[in-house]
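Coordinates in review
The residues making up each chain are set out below.
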Amino acid sequence: MPIRSATARWEGNLTEGSGTVKTGKGGLQGNYSFKSRFEEGEGTNPEELIAAAHSGCFSMAFSKGLADAGFTPTSVETVAKVHMDKTDAGFGVSRIDLETVGEVPGIDEATFQKIAADAKENCPISRLLSPGAAISLSAKLA
């Protein structure tokens with residue numbers, strides 16, 4: 001399996017500096033800053049990148065699970081909401097809420113929910129993040 005990479009460059013101090021992030025093959029690139037991370041400023045932040053990774057991984061795992069069960073999804077769309085909280089120990093990601101909508105012809109609700117739950121537990125990014133963050137799932141059939 002290939003090794004994936006990304007690069008971040010930060011210039012300046014924490015609150016007034018700024019940086020850029022770029023994925024290894026250049027598919028994603030963006031600016032980030034203190035304001036984009038801890039306030040509502042322009043740009044991206046590490047938590048959004050985690051959300052992008054998790055929603056992408058889950059959607060692919062869910063699609064595979066559906067196909068393995070004999071269903072061909074028309075689409076799977078997932079939003080991942082990453083919650084960062086400040087505690088006495090500092091800042092940390094405490095929770096990720098996955099919200100997915102699948103358009104899957106011929107599937108019943110119970111089967112849809114079972115496959116979604118399995119994808120949540122077993123996608124590689126869920127497995128990476130679940131020891132430190134609670135992961136919830138809301139799955140709806142379109």
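You'll find the structure just up there.
Presented here is an overview of the structure given in this document. (Residues numbered from 1 in each chain as written. Predicted model: local features only at pLDDT ≥ 70, side-chain atom pairs only at ≥ 80, totals over all residues. Heavy atoms only, no water.)

Re the overall build of the chain
- Within the chain, the regular secondary structure consists of four helices and six strands.
- Each helix and strand of the chain, ordered N terminal to C terminal, gives the series β-β-β-α-α-β-β-α-α-β.
- Residue pairs in contact within the chain that sit at least 24 positions apart in sequence constitute 48% of those at least 6 positions apart.
- When the accessible area of the chain is evaluated, it comes to approximately 9,100 Å², of which 53% is carbon and sulfur surface.
- Placing the 14 positive and 18 negative side-chain charges of the chain at their respective mean positions leaves the two points 7 Å apart. (Helix = DSSP H or I, 4+ residues; strand = E, 2+ residues; numbered from the N terminus. Contact = heavy atoms within 4.5 Å. Areas by Shrake-Rupley, 256 points an atom, 1.4 Å probe, with all protein chains shown as cover. Lys, Arg positive; Asp, Glu negative; His and termini not counted. Charge placed at Lys NZ, Arg CZ, Asp CG, Glu CD.)

A word on the nonpolar core
- Counting residues in each nonpolar core, the largest one holds 20 residues, and the members touching the most others are Phe-62, Leu-66 and Ile-107.
- The set of elements that each furnish at least two residues to this core consists of α2 (46-68), β4 (75-87), β5 (90-103), α3 (109-122) and β6 (134-141).
- Ranked by residue count, the leading element in this core is α2, at five residues.
- Filtering out sequence-adjacent residues up to four positions away, Leu-66 remains in contact with Phe-71, Pro-73, Val-76, Val-104, Ile-107 and Ile-115. (Core = buried A, V, L, I, M, F, W, Y, C linked by side-chain atoms within 4.5 Å. Buried < 20%, exposed > 50% of the residue type's maximum accessible area, 1.4 Å probe, protein only.)

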